[in-house]
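Analysis of the macromolecular model
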Amino acid sequence: MRRLLWAGYGVLATLVGIGLAHLAAALTDPAASPVLAVGSTVIDLTPTPVKEWAIRTFGSADKAILVGSVLAGVLALAALAGVLARRRFVLGAGLLVALVGVAAVAVLTRPAADPLDLLPSVVAALAAPAALRLLARTHAHAATSDGGRRTVLLTVTALAAMAAVGGAAGRLVSGLRARPEDVALPAPADPAPPLPRGLDDQVPGITRFRTPNADFYRVDTRLDVPVISADDWTLTVDGDVDRKVTLSFDDLLAMPMVERDITLTCVSNSVGGPYVGGARWLGVRLTDVLDLAGIGSTKADQILSTDFAGMTISTPLALATDGRDALVAVGMNGKALPREHGFPVRLVIPGLYGFISATKWLRRLTLTTYDDRQAYWTERGWATDAPIKISARIDTPKALADLDAGDVVVGGVAWAQERGGVAGVQVRVDGGPWVDAQLGPDGGDDYWRQWFHRWSAEPGSHRIAVRAVAGNGEPQTAARAEPFPDGASGLHELIVRVS
Ligand SMILES: Nc1nc2c(c(=O)[nH]1)N[C@H]1C(S)=C(S)[C@@H](COP(=O)(O)O)O[C@H]1N2
Ligand SMILES: [Mo]
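All residue numbers here refer to positions counted from 1 along the written sequence of the relevant chain. Here chains are named by letter from A upward and ligands by number from 1 upward, in the order in which they appear as written. Local features in a predicted model are, by the rule used here, given only for residues with pLDDT of at least 70; side-chain atom pairs are given and counted only at 80 or more, and totals for whole chains, interfaces and linings are based on all residues. To obtain the side-chain values, all non-hydrogen atoms of the structure were used and water was disregarded.

**Quick look at a nonpolar patch on the surface**
Exposure above 30% relative accessible area and no salt bridge define the residues that can form patches, which grow by joining like charges within 9 Å and nonpolar side chains of Val, Leu, Ile, Met, Phe, Trp and Tyr within 5 Å. Computed with a 1.4 Å probe, the accessible areas rest on the Shrake-Rupley method; for each residue, only the protein chains presented here act as cover. Salt-bridge detection follows one rule: a side-chain nitrogen of Lys or Arg within 4 Å of a carboxyl oxygen of Asp or Glu. Together, L77, L80, L84, V90 and L91 give the surface a local cluster of nonpolar side chains, amounting to about 400 Å² of exposed area. Looking at the nonpolar patch, the elements with two or more residues in it are α4 (62-87) and α5 (89-108). Looking at which element gives the most residues to the nonpolar patch, the answer is α4, with three residues. Elements are defined by DSSP. Helices are runs of H or I of four residues or more, strands are runs of E of two residues or more, and each kind is numbered from the N terminus.

If you want it as structure tokens, here you go:
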């Protein structure tokens, strides 16, 4: 019982340290929060197969689970620190400081770390032992005085409030700093044609033709939502260029804006998976930005893009500049980019999986070679050349659905970016003949296409499969491949029960 109480003191003292460190991080650099730094370091050190397994198993909850496990581990050690402090205070306090020390190392080894990032760790290293000291004193005092219990309770409440306020205030402060809502986007000099009405209202259960920003899939290595102010944002183009240039956000907005409908796809998406979305993007042509720096005589074969925290993504230079609509994007579906999707500026390059093209929170474009510099995923064995594979997905009915016999509408989306778009979709039931599905309206070659097929379902268990063919005549392959290293392939198939 006693021991449990002291374990609780250890945990509370640690939460005070974490809360105040979080606040200090929000005021200086939100990415420097020790908890996030430890979590990010764990992500980076996790072997690719384990990461793939986590994405497959937990989906977008993978990060919450990771942060949760890191936190659980830290709190277990914090409880131990409390128990140790009961007999020898220095031992408990020492363990707390050692814990912060590990976090500080994680903070300092992040790619874009600077010494100021240590401040939150210093705050935690002072606050946690101080809180533990206070609890130990109050506890000792309680044993020898009348109102002792009440003093302990008051101290515990005050410290808990401090931890909570620290954490919450941190979030509030960063939320006020850089707001996408405050950005006024210029009109496009080269607008996209109006997006036709999709099949959203005609085919219940089909994926919407345009993905609303709030529903757009999110895949990145970050544990937090970066808060970056457009006011002090800059983009530097350097490396093997004629002259290094640096643009401000206003410089970028002053350049001619292009608007395009583009479907993004994640290489980690399994066949039939959710990591794909279609949006209308607004931005400056990537080639216009590169031309400011001059790449006429470059020997580079890679554009190495770097985000605000030093994370890198590589794109084959030849593909990015082959005439496709590669954008340095500032807008998504008529609004400034949401923070989750790269505010204030990201890359969007059609036809290449996001991990080699879609750098969010962009800060630097470096012209270099694959021999000289390796990006984050290149170091982890992923392909450097990864065009998006032709793919079709069944959205409705759902796998293992129980359906009534009679007319069933099978429907979904298909994509074949930079291959002439989707020219056809076919559906097959129970290994029978492939039957043409009806296509929804055309949103352009780099955009996905909705499709549907009316099926008269008879009682029993049935297997439905779908495949697409691209506008350039290329068929979707049935050969199965896992996402690693250059994207999943195979046909989406599911089984339904009809009665
Ligand atoms: N800075 C940064 N940009 C990133 C990533 C990342 O981890 N960090 N992930 C990439 C991956 S793997 C994909 S699929 C796309 C996803 O973009 P979205 O989250 O806006 O859908 O962003 C890309 N851009
Ligand atoms: Mo991705």
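Further notes follow.
**Side note on the UniProt feature "domain: Oxidoreductase molybdopterin-binding" (unreviewed entry) in the protein**
UniProt positions are given in the numbering used here, feature names are shortened, and annotations may be inferred rather than shown by experiment. With numbering matched to this structure, UniProt assigns "domain: Oxidoreductase molybdopterin-binding" (unreviewed entry) to residues 223-377. The distance separating the terminal C-alpha atoms of residues 223-377 is 17 Å; by composition the span is 12% helix and 37% strand.

**Some remarks on the pairing of strand β6 (residues 312-316)**
For the exposure calls, accessible area comes from a 1.4 Å probe over protein chains only, and a residue counts as buried if that area is under 20% of its type's maximum, exposed if over 50%, partly exposed in between. Of all five residues in β6, five are buried; the element is thus mostly enclosed. Alternating positions in β6 separate into two faces, T312, S314 and P316 on one and I313 and T315 on the other, with burial throughout. Paired strands, in this sense, are two strands between which DSSP finds at least two bridges. Inspection of the sheet shows strand β5 (residues 302-307) paired to β6 by five bridges, in the antiparallel sense. Each residue of the ladder has a partner; that of L304, found in β6, is S314. Hairpin connection, β5 to β6: the antiparallel pair is bridged by four residues, and G310 has positive phi, about 95°.

**A look at the domain arrangement of the protein**
Domain start and stop points were drawn from an automatic or database domain assignment. Partitioning the protein into domains gives domain 1 (2-176), domain 2 (213-379) and domain 3 (391-498). Once you take the C-alpha centre of each, domain 1 and domain 2 turn out to be 35 Å apart. On the side of domain 2, 13 residues touch domain 1, which itself brings 19 residues to the contact. Remark: the boundary between domain 1 and domain 2 carries zero salt bridges. What qualifies as a polar contact is a pair of N or O atoms within 3.5 Å, subject to a donor-acceptor requirement within protein and to the restriction that residues adjacent in sequence count only when both atoms come from side chains. Applying the counting criterion to the domain 1 and domain 2 interface returns one residue pair in polar contact (both at pLDDT 80 or more). Among the secondary structure elements, those contributing two or more residues to the side of domain 1 that touches domain 2 are α2 (34-45), α3 (48-58), α4 and α7 (148-177). The element that contributes the greatest number of residues to the side of domain 1 that touches domain 2 is α2, accounting for five residues. The class makeup of the residues in the side of domain 1 that touches domain 2 is nine nonpolar, six polar and four charged. The contact definition used throughout considers only heavy atoms, calling two residues in contact when any of these lie within 4.5 Å. Gly falls in the polar group here, along with every residue not listed as nonpolar (Ala, Val, Leu, Ile, Met, Phe, Trp, Tyr, Cys, Pro) or charged (Asp, Glu, Lys, Arg).

**Observations concerning the site of ligand 1**
The full set close to ligand 1 counts 19 residues, and Y217, T221, H341, R346 and K360 are the nearest of them. Y217 places a polar main-chain atom, nitrogen or oxygen, 2.6 Å from an oxygen atom of ligand 1. One nitrogen or oxygen atom from the main chain of V219 is found 3.1 Å from an oxygen atom belonging to ligand 1. Its residues assigned to classes, the shell around ligand 1 comprises 10 nonpolar, four polar and five charged. What makes a residue near a molecule or strand is one non-hydrogen atom of that residue sitting within 4 Å of it.

**Side note on the sheet that holds strand β15 (residues 435-436)**
Spatially, the five strands line up as an open sheet ordered β12-β19-β18-β14-β15, and their pairing is mixed. Strands at the two margins of the open sheet, each flanked by one partner only, are β12 (402-403) and β15.

**Section: helix α9 (residues 286-293)**
Residues spaced three or four apart along an α-helix point in a common direction, a consequence of the helix completing one turn every 3.6 residues. Restricting attention to buried positions, one finds in α9 the residues L286, V289, L290 and A293. For α9, the arc enclosing every buried residue in end-on projection is 95°, short of the 170-degree limit, so these residues lie on one face. G294 lies just past α9 and shows a positive phi near 80°. Think of the arc as the fan of directions from the helix axis to the C-beta atoms.

**Quick notes on empty space enclosed by the protein**
Gaps between atoms show up when a probe of the same size as a water molecule is rolled over them. Think of a 1 Å grid over the protein atoms and nothing else: a 1.4 Å probe that fits but is trapped marks a cavity, an open set flanked by protein within 12 Å on at least five of seven lines marks a pocket, and residues with an atom within 4 Å of a point count as lining. Grid points are joined across faces, edges and corners, and a volume is the space filled by probe spheres set on the points. Counted under the stated rule, the structure contains three cavities of 30 Å³ or more. The space that makes up the largest cavity amounts to roughly 100 Å³. In terms of lining, the largest cavity is formed by 13 residues, of which the most central are N269, Y353, S391, W415 and A488. Residues belonging to the lining of the largest cavity are distributed by class as follows: seven nonpolar, five polar and one charged.

**Overview of the packing of helix α1 (residues 2-27) against helix α6 (residues 119-144)**
Packing of α1 against α6 leaves a shortest axis separation of 8 Å and a crossing angle of 150°. Our classification of the angle between α1 and α6 gives roughly antiparallel. In this structure, α1 meets α6 at a crossing whose hand is right-handed. Of the residues assigned to the contact of α1 with α6, the class counts are 19 nonpolar, four polar and no charged. Between N-to-C directions, angles cover 0 to 180 degrees, with each direction set by a line fitted to C-alpha atoms, over the stretch in contact for helices. What sets the label is the angle itself: under 35 degrees gives roughly parallel, over 145 gives roughly antiparallel, 65 to 115 gives roughly perpendicular, and the rest give oblique. Handedness of a crossing is defined here by the sense of rotation of the near helix relative to the far one, left-handed for an anticlockwise turn of less than a right angle and right-handed for a clockwise turn.

**What to know about the sheet that holds strand β13 (residues 406-415)**
Pairing is antiparallel across the open sheet formed by four strands, whose spatial order is β11-β13-β17-β16. Each edge of the open sheet carries a strand with a single partner, namely β11 (391-396) and β16 (438-439). In this structure, β13 lies alongside strand β17 (residues 449-457), joined through nine bridges in antiparallel fashion. Its bridge partner being in β17, D407 is matched across the sheet by S456.

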